[in-house]
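Per-entry structural report
Chain by chain, the residues:
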Amino acid sequence: MAVTVSDIAAQAGVSVSTVSRALAGSTLVSPETMRRVAEVASQLNYRPNLMARGLSTGKTECLGLLVPDLENPFFSTLAKGIQSHARRRGYSVLMADTDEDATMESDLVRRLASQSDGVIVCSPRSGLDEIQTWPRTVPLVLVNRLNEGMSSVIVDDADGIRQAVLHLAALGHARIAYAGGPQASWSDRTRRAAFHETMASLPDAEAIDLGCFQPQYHSGAAAADLAHVSGATAAIAYNDLVAIGLVQRLQSRGVAIPRDFSVVGIDGIPQSSWSSPTLTTVSTVRRSLARTSVHVLLDNTEVPQTHVVPVELIVRASTGEAPAGTLLNQALATSGASIQKGTTP
C-alpha cells in the first residue's frame, strides 16, 4: 500500500499540513522540522502523487516531446537524451510520433500542451502559418526549425554541408550530387541552399540535385540509381539512413565504394560506424542538442532565443579520391586556387 502524508505525519509527530509544507519546501517550516519530515519520508520510501500535486500547483512535472519518426535512429537517440536531461530537472516526458505526417502535428502539439509544462517539437514539417496557430499556454521550443516569435535550437546545417562539399572537393570530386530530404523539411532547405552556394564557389565544379526523398533507408536505392546515371562521382545524402541505402544499392550494381563513388551522410547515427564501408558523416552532438533543448524550454524567458549547435565532419571509409580523369584538383591547380578545411575558395 502506498505511503501517504498522513503516515509521515504520524511517525514524525507533526500535522499533515506541516508535512505538506515541508515536502513543498515552504519557509514556514523550521529547518529542524523539515529535516525530520525528510528523514521519515525517506525511511518510509515515500513517493509523491504527481497527479494530486499537479492539481494543487498547476504543474504537471511533465514535458511533451514530438518527433517525426521514432524509428529514425537520430530521433530515438535525441529523445533518449531529452528524457535523460528532463529527468535530472525533475520532469518526466510524454512522447508522440507523427510518422512523418505533417497533418498530425498541430493536433498532437495541442494534446501535449494540455498535459505538460512545455513542449519540444523536433523537425516540424508544418508550414509557418500553421505553426503560428499552436497554443502558447505553455512554453514551446522548436528543434531544427526557425519560426518568428518562438525559441529554437538548430543544428549548424549550412556549416556541415560546407565541410562535406569541401572534403569531397579536396579529394578531387568535380561533379557532386545532393540527395535531399522531404519537401516540407526546413533542414533540407537549409542544406540544399548551402550545397548549391558552396558548389558555385568552386571552379569547374558541377552541382547535381537529385531531388527530394523520404529520410529512410529504402529511399537511398532510388537516390543511388539517379546518382549512378547523373555522371556524379560523389553524393551527399540528407541523412545517414539515405546514405547507407545509397551505398548498398550502388554496391549491388557493381560500383565500388569509394574507388568509383564516394558518399557522405548527415547525422552521425551509430549505424554509420557499423555499415560497410563505414560512412563518412556530418555528425551532430545529440547530447548537446538534447541538453540545450531542455534548458531552453525550462529556463524560458519572454524573449525568444535561438541556439546553434555545431557539427563535425567524421571522415571514414566511404569517401576517397575521385576516379582518374575527373579530378577537380587538376582544375584547381590550373586556376591557382586552393581548398582549406572550413574555408571557401
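All figures in this text were calculated on a predicted structure; none of them were measured in a lab.

So, how was this worked out
Think of each chain on its own: its residues are numbered from 1, step by step along the sequence as written. Local features are withheld for residues below a pLDDT of 70 in this predicted model, meaning they are given only at 70 or higher, and side-chain atom pairs are given and counted only at 80 or more; totals for whole chains, interfaces and linings count all residues. Only heavy atoms go into the side-chain values, all of them from the structure, while hydrogens and water stay out. Each pair of strands is called paired provided DSSP finds at least two bridges between the two strands. Here a strand is any run of E in DSSP of at least two residues, a helix any run of H or I of at least four, and the numbering for each starts at the N terminus. To obtain an axis, a line is fitted to C-alpha atoms, over the contacting stretch when the element is a helix, and the angle between two such axes runs from 0 to 180 degrees between their N-to-C directions. Contacts between residues were defined by any pair of non-hydrogen atoms, one from each residue, lying within 4.5 Å. Any Lys or Arg side-chain nitrogen located within 4 Å of an Asp or Glu carboxyl oxygen qualifies as a salt bridge. With a 1.4 Å probe rolled over the protein chains alone, any residue whose accessible area is under 20% of its type maximum counts as buried; one over 50% counts as exposed, and the rest are partly exposed.

The 6 strands are arranged 7-6-8-9-10-12 in an open sheet whose pairing can be described as mixed. A single partner strand is all that each edge strand has here, and the edge strands are strand 7 (206-212) and strand 12 (311-314). Mean inter-strand twist for the sheet, computed between neighbouring axes without regard to direction, equals 20 degrees. Inspection of the sheet shows strand 9 (residues 262-267) paired to strand 10 (residues 280-284) by 4 bridges, in the parallel sense. Its bridge partner being in strand 10, Asp267 is matched across the sheet by Ser283. Sitting on the sheet, helix 10 (residues 219-230) touches strand 6 (175-180) and strand 7, and the angle it makes with strand 7 is about 155 degrees.

If you walk through the whole model with that rule in mind, you get 12 salt bridges. Across the pair Asp299 and Arg89 runs a salt bridge whose closest N-O atoms are separated by 2.8 Å. Of this pair, Asp299 sits in the loop between helix 12 (286-298) and strand 11 (306-309) while Arg89 sits in the loop between helix 5 (73-88) and strand 2 (92-97), and the two are 210 residues apart along the sequence. We classify Asp299 as partly exposed; its relative accessible area is 39%. Assessed through its relative accessible area of 33%, Arg89 is described here as partly exposed. With its nearest N and O atoms 3.1 Å apart, the salt bridge here joins Asp260 to Arg259. A relative accessible area of 29% places Asp260 in the partly exposed class. Taking relative accessible area as the criterion, Arg259 reaches 60% and is therefore assigned exposed.

Taken by themselves, the reported measurements are silent on function.
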